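# Secondary and tertiary structure notes
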Amino acid sequence: MQDPYPIPPFTVPVSAKVAVPGSKSITNRAILLAALSEGETRLDNCLFSRDTEIMISAIQDLGFEISKDKSQKGINIRGLGGLIPNTKTKLDIGNSGTSARFLTAILATCPEGDFELDGDAAMRKRPIQKLANTLISLGCRIDTSDGFFPIRIRPQGLKGGKATVDASESSQFVSALLMAAPLAKEKLEIKLSDSSIRRGYIALTLKMMERFGISPEKLSASNDSYQVNPAPYSAPRNGYLIESDASAASYFIALPLSTGGVVEIKGIYKDSLQGDIAFAQIAKQAGVTLEWRTDSLVVSTNLGSNPISPLCANYYAFSDTFMTGAAISPLANSPTLIEGIGHTRHQECDRIEAMAAGLANAGQNVHETESSIEITPSLLKPATIETYEDHRIAMSFGILGSYDALGNGKPWLNIVNPLCCRKTFPKFFDVLESAREQSLANQS
């Protein structure tokens, strides 16, 4: 793929059907829960991407039997009821936040062992100390590198009792502790130092734990804590189907706002486990019509050449989609204010700063604070967008680039390192191009 990659704009309204891959968040949780369960689990509609391959490799390095069938989007894992076969190993976690945090907590449940976890340069900038502090309080020995990776874990099993976690940097800290909690020696109460943290992915984690054998009677929650009783994981009787990725769907939910027209997104459900499905309602406020079908979402707009309404909102609970809303802000009829996103400064990159830089490069007036970004629309100009190795920066600007800004069908927006999309959506630009080609074919 050409790098920088010039986005071919749509010269006709979108008229296409697309499919987005399985959810990264659900795939990586399911891989881990299957390994912790007793018996063999078949996972279907799995995402095969850089992040999930990192989790698969880690599970293999820990000694589990795992096979994958990419053509059928399937993974088979033989779990050992909470036992970790290989208790002394080094794991490469790349820049996979889910792998880093979830494995750190799960390895702490081993009665003994010696594990070293390290990642790439970007991962070494992502904090882990607050999760480590909680695990240390539960009896695990963890050495970090001034609060970051690489880390060394020498576990003695989790003793249970009460522990406090500061999850202001990532709700994944709570999800990691919850998945480890059934393997503790006694009942574990996880208290939140800040009860205002995002709960969407935590709720997803609890629902998945139930599917892997942890009955609701073993789990309870209050406003500021979670209680988990010891219990064995078990393989779901009929396997586990991974939902399609609601975060990835946000780009195609927004596509009609950039190009006009209609797009059907297969495998997306109104009652999705994923909090990011809330972006659909933000897009509805901006001018699209939503039609929820049995196994898809149809998004359409009749705006024509009129500017869209801004996608203003507090994106705190579904922040992986804020870049989608920000990227198409130049097409709005008034300024776009996006709030509640301060924690995204500590993800794959400083996402607020990256979006501000890209939009300013494309001629927009941008104002950022520690936890918000405001974009005042101005005349778009040709630009090259730096992605900072962040897949969501690349994909969100791909939707803006689909707008025919020059009015002549020629590319005007170039994406640096488009292959960074391999983290969660390896064929994103292929799917976007397919949508464009379908639209041209349907127009003729």
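Below you will find a few notes about this structure.

Below, the discussion takes up the overall build of the protein. What the protein contains, in helices and strands, is 12 helices and 23 strands. Against the globule reference of 22 Å for 444 residues, the protein gives a C-alpha radius of gyration of 22 Å, in line with a compact fold. The principal-axis extent of the C-alpha atoms belonging to the protein is close to 65 × 45 × 40 Å. A total of 444 residues make up the protein; the buried ones form 58% of that total. For the protein, the exposed surface amounts to about 16900 Å²; the carbon and sulfur share of it is 46%. Counting 43 positive and 47 negative side-chain charges, the protein places the centres of these two groups 3 Å from one another.

Before going further, it helps to examine the sheet that holds strand 18 (residues 313–314). In spatial order, the strands read 18-19-21-20; together these four strands make up an open sheet with mixed pairing. Edge positions in the sheet fall to strand 18 and strand 20 (365–368), since each has one partner strand and no second. As paired elements, strand 20 and strand 21 (residues 373–376) share four bridges and run antiparallel to each other. Residue pairing for strand 21: N365 is matched across the bridge by T376.

Attention now goes to the pairing of strand 7 (residues 114–118). A regular strand carries its side chains on alternate faces of the sheet. In terms of strand pairing, strand 6 (residues 88–92) meets strand 7 through five bridges, oriented parallel. The partner of L91 across the bridge, within strand 7, is L117. Between the parallel pair strand 6 and strand 7, the chain is carried across by helix 3 (residues 97–107), and the sense of this crossover is right-handed. Taken together, the three bridges between strand 7 and strand 9 (residues 148–154) define a ladder with antiparallel strand orientation. Within the sheet, the bridge partner assigned to E116 lies in strand 9 and is R152.

The rules behind the values
- Residues numbered from 1 in each chain as written.
- Predicted model: local features only at pLDDT ≥ 70, side-chain atom pairs only at ≥ 80, totals over all residues.
- Heavy atoms only, no water.
- Helix = DSSP H or I, 4+ residues; strand = E, 2+ residues; numbered from the N terminus.
- Rg over C-alpha atoms; globule rule 2.2 N^0.38 Å.
- Buried < 20%, exposed > 50% of the residue type's maximum accessible area, 1.4 Å probe, protein only.
- Areas by Shrake-Rupley, 256 points an atom, 1.4 Å probe, with all protein chains shown as cover.
- Lys, Arg positive; Asp, Glu negative; His and termini not counted.
- Charge placed at Lys NZ, Arg CZ, Asp CG, Glu CD.
- Pairing = 2+ DSSP bridges.
- Right-handed = clockwise from strand over helix to strand, strands pointing away.

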